[in-house]
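Chain and residue survey
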Amino acid sequence: MKAITADITTLKVDAIVNAANTTLLGGGGVDGAIHRAAGPALLEECRGLGGCAVGDAKITRGYKLPAKHVIHTVGPVWRGGHSGEPEMLAGCYRRSLEVALEHGVKSIAFPAISTGVYGYPIEEATRIAVATVREFLKQNEMQMDVVFCCFSERDLAVYSKELS
Ligand code: ADP
């Protein structure tokens, strides 16, 4: 596991994870950036998926992206932390990794799911992200390169602290 600062749409990995919404039909933030970079064929494939539940994940091709696949997951909206948000956020990371494993993905990049428009506090979200990925890799005894792709130096500092 490592953390970097980058635009996730530029990463040449087997899969990038999209912080989507339940419709999977595009949105703002990282979702908008991924759809813009992948081109309209991504939206076409997403239309056929029938949406995605919070905490679940679905895979598509990457189209014009350098990444081979996009794994679309839906994070919880932050409502104060007592409405199941931690379990749902952990589900995003776990389900994304399960889907990745099923498709032979050896390298994957995650954005900081739910910490943008959905308002999840970065420190708490980062703790869950790192702990869930660590646990998954341990339980599955597997080799997968996991990149936490931060969009600001501030987020990178939080991830670096959590990973050390
Ligand atoms: P959510 O609705 O799950 O909160 P957002 O897209 O609003 O999703 O934000 C999730 C995270 O993705 C935020 O940390 C945001 O800064 C980051 N982000 C936005 N655009 C990009 C990008 N192109 N590459 C990587 N991270 C991005």
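Before reading further, recall that the structure is shown in the block above.
A short tour of the structure in this document, coming up.

What to know about the site of the ligand
Around the ligand sit 15 residues, and of these D7, V30, S114, G116 and V117 come closest. One of the backbone N or O atoms of Y118 is found 3.1 Å from an oxygen atom in the ligand. Surface burial for the ligand is 88%, taken as the share of its 570 Å² of free accessible area covered by protein chains. The leading source of residues in the shell around the ligand is helix α1 (residues 29–38), at three residues.

Overview of unusual backbone geometry
The phi dihedral of L24 is positive, around 60°, even though this residue is not glycine. By the secondary structure assignment, L24 is in the loop between β2 (15–20) and α1. Here the phi dihedral of S114 falls at roughly 75°; this positive angle occurs in a residue that is not glycine. One can find S114 in the loop between β5 (107–110) and α4 (122–139).

Section: the pattern of salt bridges
Per the stated rule, a full pass over the model turns up six salt bridges. Between D56 and R95 there is a salt bridge, with the nearest N and O atoms lying 2.8 Å from each other. Here D56, found in the loop between α2 (40–47) and β3 (57–61), pairs with R95, found in helix α3 (residues 85–102); they are 39 residues apart in sequence, far enough to count as distant. Given the relative accessible area of 25%, R95 is considered partly exposed. Ionic pairing is found between R95 and E98, a salt bridge with its closest N-O pair at 2.6 Å. One end of the pair, R95, and the other, E98, are both in helix α3, three residues apart, so they sit about a helical turn from each other.

Conventions adopted
By convention here, each chain's residues receive numbers from 1 onward along its written sequence. Local features in a predicted model are, by the rule used here, given only for residues with pLDDT of at least 70; side-chain atom pairs are given and counted only at 80 or more, and totals for whole chains, interfaces and linings are based on all residues. Think of the side-chain values as coming from all heavy atoms in the structure, minus any hydrogens and water. In these notes, residues near a molecule or strand are those with any non-hydrogen atom within 4 Å of it. In protein, a polar contact requires one atom able to donate a hydrogen and another able to accept it; more generally it is a pair of N or O atoms within 3.5 Å, and residues adjacent in sequence count only if both atoms are side-chain atoms. Computed with a 1.4 Å probe, the accessible areas rest on the Shrake-Rupley method; for each residue, only the protein chains presented here act as cover. The helix count covers DSSP runs of H or I at least four residues long, the strand count covers runs of E at least two residues long, and both are numbered beginning at the N terminus. Salt bridges are defined by distance alone: a side-chain nitrogen of Lys or Arg within 4 Å of a carboxyl oxygen of Asp or Glu. Think of it in three bands: residues with accessible area under 20% of the maximum for their type are buried, residues over 50% are exposed, and the middle band is partly exposed, with areas taken using a 1.4 Å probe on protein chains only.

Function cannot be read off these values alone, since they describe shape.
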